[in-house]
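Coordinate inspection notes
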Amino acid sequence: AQSYIAEYSRMMFATFVHLLKNSGCRPSELLGIRFKDVEITNPKRWSESKQKWEDDFKLKIHIRKSKTGKKRDVLCRSNAASNLLEFFKYQRDWMVRNNCTFTIKEDSLIFGNPKEHLDKTLTYRRFDEYWDEVRKSIHSQLEGNRFSERKYTLYSLRSTFIEDCIAAGLDVYLVARLCGNSVDVIQRHYGRHDVLKRAEEVH
């Protein structure tokens, strides 16, 4: 494998995982997003400690192809927007350094393969292989759903997002809309997490 492609793949995969964790998207949905599907805004926020306005980037992803067949908009949490902007900068710099002859278009795949001019992604299996390498190196630091004995996979990051939303007190209807699930599915599979968390309030 060419080292310059390997370097790009590592950075792309790290961005992919970070976005999975903070969007609640299915891996297959994120693989399909194009540059025209992301909207990054910067409403700014006032810092009391620094007494000035600071950047506060927000990321919205438009999912065109989902498991249910319905389109939806996903509002990402944490620093997903800043992280994606950093990847875009890396991507542009990488293309200049490696004398790429193609240009990024609105229809280009964000997680596309540069060998395919960002018109096609790497296979899902390749992403799974990258994930297995990560799991082997930091296995003790990866914790999945406490109620599940299943292996912590790329898809598990979706469950982690949902659990984080519930733990943060987000309305179950909003969580369902963000993830493209029904309220019933959210309550059935993730309600126990909320009950366990709120049980502390009883004492």
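Everything in this summary refers to the structure shown in the same document. (Residues numbered from 1 in each chain as written. Predicted model: local features only at pLDDT ≥ 70, side-chain atom pairs only at ≥ 80, totals over all residues. Heavy atoms only, no water.)

Turning our eyes to something else, we now look at helix H4 (residues 124-137). With 14 residues, H4 should cover 20 Å at 1.5 Å per step; its first-to-last C-alpha distance of 20 Å lies within 8% of that length. Every buried residue of H4 is accounted for by Phe127, Tyr130, Trp131 and Arg135. Buried residues of H4, viewed axially, fall in a sector of 145°; they line one side. The outward face of H4, more than 90 degrees from its buried face, is lined by the exposed residues Arg125, Glu133, Lys136 and Ser137. (Helix = DSSP H or I, 4+ residues; strand = E, 2+ residues; numbered from the N terminus. Expected span 1.5 Å × (residues − 1). Buried < 20%, exposed > 50% of the residue type's maximum accessible area, 1.4 Å probe, protein only. Arc of directions from axis to C-beta.)

With that out of the way, let us pick up the layout of surface pockets. There is about 220 Å³ of room inside the second largest pocket. Forming the boundary of the second largest pocket are 12 residues, of which Arg72, Ala176, Arg177, Leu178 and Gly180 lie nearest the centre. Breaking the lining of the second largest pocket down by element, the ones donating at least two residues are strand E5 (72-75) and helix H6 (172-179). Broken down by element, the lining of the second largest pocket gets its largest block of residues, four residues, from H6. In terms of residue class, the lining of the second largest pocket is built from three nonpolar, four polar and five charged. (1 Å grid on protein atoms, 1.4 Å probe; cavity = no way out; pocket = protein on both sides within 12 Å on 5 of 7 lines; lining within 4 Å. Points joined across faces, edges and corners; volume = space filled by probe spheres on them. Nonpolar A, V, L, I, M, F, W, Y, C, P; charged D, E, K, R; others polar.)

Between its first and last C-alpha, helix H5 (residues 156-167) extends 16 Å over 12 residues, near the 16 Å set by a 1.5 Å rise per residue. Across the 12 residues of H5, 10 count as buried, placing the element largely inside the fold. Within H5, burial applies to Ser156, Leu157, Arg158, Ser159, Thr160, Phe161, Ile162, Glu163, Cys165 and Ile166. Trailing H5 by a residue or two, Gly169 shows a phi angle of about 90°, which is positive.

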